[in-house]
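Architecture at a glance
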Amino acid sequence: MLVHAIPKDAAYEFAADVRAGLTRAGQKELPSKYLYDDVGSALFEVISRLPEYGLTRADERLLRRHAREIVERVPGPVAIAELGSGSGHKTRWLLEAFCRRQHTSYYPIELSHSALVMCERELSDIDAIHIVGFEREYLDGLLEVAAYRRTGQDLFVLFLGSTIGNFDRPAGIKFLSQVRDILRPGDSLLLGTDLEKSESQLLRAYDDELGVTAAFNLNLLARVNRELQADFDLSHFRHVARINYQAHSIEMHLESTRRQMVTIPKAEVLVEFQDQETIWTESSHKYSADGIVEIARDAGFHCEVQWIDEQWPFAENLLIAE
Ligand code: AVJ
């Protein structure tokens, strides 16, 4: 696989974001994208296999069950771009179905180099597939993919796994509008969204018995220690999952279990934590089926079909650029 990488100072950006997030007045925060270094990505793979966390399995079930119908609704020829491919595992069914129809180019766009490599390993045995990975931010990668398209070729963008849920509603609409601006009318976007479910189900999914989600969250502090030479004592922080009823989301926080000071040399900062003060690390928004139709419309798409999993409320939404 060809991988287009960019030399950018990732370490510098990380330091700047950590500094900004931990020195702001009010709620301290760290951007959720930093949860996914190699350790974090591996831990998320484990989360997706936990009995309490049905999201990834629901996504895969829908893609497998409706692959043929999705192909029928997206007439070719298409180039397929995926925002955040992960290991590529759940995309297999869809890619096989497209490649059965005709030779198809697949462009995974991922910040994680190792995820891109895994993705190629997982999918390159499919007949009639051409894989080119982009180690980029989503919109930068999509812009390049769009520039690659041949005349007469439509773009089919995959944004699966409810990654959109990390954005709040206005930011989600803004992001989808930016995707829409890169597309042409008639191009399509398959958007995977986790639907609203019971409080107890959500709390179990984001605070599992085995503590894998806790490890996934705490790894962010371990990463700051590894990469910025900080001295976070992980035993003095605990993972908390908290429902935000107003925002229709579940949040992850890291709660300080005492008053303490932490030094982060490479971010040139000393941070004080009060007892029970938290760092907000992630929000996962949950949607109603009708809400997604509205969000799509606000972003310049119309929602053509929704496939919904009954076992674990989750929707696969086929959106067409207006
Ligand atoms: C990968 C963003 C969809 O929000 O459910 C899983 C990440 N965080 N457990 C989600 C996650 C805690 C996941 N997404």
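Here is a short report on the structure shown in this document.

Definitions and cut-offs
- Residues numbered from 1 in each chain as written.
- Predicted model: local features only at pLDDT ≥ 70, side-chain atom pairs only at ≥ 80, totals over all residues.
- Heavy atoms only, no water.
- Helix = DSSP H or I, 4+ residues; strand = E, 2+ residues; numbered from the N terminus.
- Expected span 1.5 Å × (residues − 1).
- Buried < 20%, exposed > 50% of the residue type's maximum accessible area, 1.4 Å probe, protein only.
- Arc of directions from axis to C-beta.
- Contact = heavy atoms within 4.5 Å.
- Core = buried A, V, L, I, M, F, W, Y, C linked by side-chain atoms within 4.5 Å.
- Pairing = 2+ DSSP bridges.
- Near = heavy atom within 4 Å.
- Polar contact = N/O pair within 3.5 Å; in protein donor to acceptor, adjacent residues only side chain to side chain.
- Nonpolar A, V, L, I, M, F, W, Y, C, P; charged D, E, K, R; others polar.
- Salt bridge = Lys/Arg side-chain N within 4 Å of Asp/Glu carboxyl O.
- Phe/Tyr/Trp six-rings, centres within 6.5 Å; stacked < 30°, edge-to-face > 60°.
- Lys NZ or Arg CZ within 6 Å of the ring centre and 35° of its normal.

A rise of 1.5 Å per residue sets the reference length of helix α1 (residues 10–23), with its 14 residues, at 20 Å; its end C-alpha atoms lie 20 Å apart and thus fit the reference within 8%. Restricting attention to buried positions, one finds in α1 the residues Phe-14, Ala-15, Val-18, Gly-21 and Leu-22. For α1, the angular spread of the buried residues around the axis is 140°, confining them to a single face. Against β2 (28–29), α9 (212–228), β10 (260–264), β11 (269–273) and β12 (278–285) lie the buried residues of α1.

The linkage connecting Gly-76 with the following residue, Pro-77, adopts the cis geometry, with an omega of -5°. Of note, Glu-268 is a non-glycine position whose phi angle comes to about 50°, a positive value. Relative to the elements of secondary structure, Glu-268 occurs in the loop between β10 and β11. Phi at Gln-276 is positive, roughly 70°, even though this residue is not glycine. When you line up the elements, Gln-276 lands in the loop between β11 and β12.

Turning next to the nonpolar core. Among the nonpolar cores identified, the biggest contains 66 residues, and Leu-94, Phe-156, Leu-190, Phe-232 and Ile-264 are the most heavily contacted of them. In this view, Phe-232 contacts Leu-22, Leu-221, Val-224, Asn-225, Phe-237, Val-262, Ile-264 and Phe-273; residues no more than four positions away in its chain are not counted. Judged by nonpolar contacts, the second largest core, of 32 residues, contains Tyr-107, Val-132, Phe-134 and Phe-159.

Below, the discussion takes up the pairing of β11. Alternating positions in β11 separate cleanly, Val-269, Val-271 and Phe-273 being buried on one face and Leu-270 and Glu-272 remaining unburied on the opposite face. Where β10 meets β11, five bridges bridge the pair, whose relative direction is antiparallel. Residue Gln-260 lies in a different strand from β11, and its bridge partner there is Phe-273. In this structure, the hairpin formed by β10 and β11 is closed by a connection of four residues, where Glu-268 is found at a positive phi of approximately 50°.

Attention shifts here to helix α2 (residues 38–47). An α-helical turn contains 3.6 residues, so any two residues separated by three or four positions project in the same direction. The complete set of buried residues in α2 reads Gly-40, Ser-41 and Ile-47. The arc that holds the buried residues of α2, viewed along the axis, is 110°, so those residues lie on one side. Lining the buried residues of α2 we find α9.

Attention now moves to the site of the ligand. In the neighbourhood of the ligand, 13 residues make up the surrounding shell, with Tyr-53, Gly-161, Tyr-206, Glu-282 and Ser-284 lying closest. Interatomic distance of 2.4 Å between a side-chain N/O atom of Tyr-206 and an oxygen atom of the ligand. Elements supplying a minimum of two residues to the shell around the ligand: α9 and β12. Here the shell around the ligand is composed, by residue class, of seven nonpolar, five polar and one charged.

The strand order β2-β12-β9-β8 describes an open sheet built from four strands, whose pairing is mixed. Each edge of the sheet is formed by a strand with only one pairing partner; in this case those strands are β2 and β8 (237–244). Summarising the sheet, β2 and β12 pair through two bridges and their orientation is parallel. Bridge assignment links Glu-29 to a residue of β12, and that residue is Trp-280.

A full pass over the atoms with the stated rule returns 19 salt bridges. The partner of Arg-92 in a salt bridge is Glu-122, with the nearest N and O atoms 3.9 Å apart. Of this pair, Arg-92 sits in helix α4 (residues 92–101) while Glu-122 sits in helix α5 (residues 113–123), and the two are 30 residues apart along the sequence. Glu-122 sits in the partly exposed class, given a relative accessible area of 27%. With a shortest N-O distance of 3.0 Å, Arg-223 and Glu-227 are connected by a salt bridge. Within this pair, Arg-223 and its partner Glu-227 are both found in helix α9, separated by four residues, close to a single helical turn.

Tallied over the entire structure, the rule returns 17 aromatic pairs. With a centroid separation of 6.0 Å and an interplanar angle of 85°, the aromatic rings of Phe-44 and Tyr-53 are classed as edge-to-face. Judged by its relative accessible area of 6%, Tyr-53 falls in the buried class. Aromatic side chains Phe-232 and Phe-273 sit 6.1 Å apart centroid to centroid with 55° between the ring planes, which places their arrangement in the tilted category. In this pair, Phe-232 is assigned in the loop between α9 and β8 and Phe-273 in strand β11, connecting sequence segments 41 residues apart. When its relative accessible area of 5% is taken as the criterion, Phe-232 is described as buried. The structure contains a cluster of three or more aromatic residues connected by ring pairs, namely Tyr-36, Phe-44, Tyr-53, Tyr-206 and Phe-216. Above the plane of the ring of Trp-93 lies Arg-64, whose end atom (NZ or CZ) is 4.9 Å from the centre.

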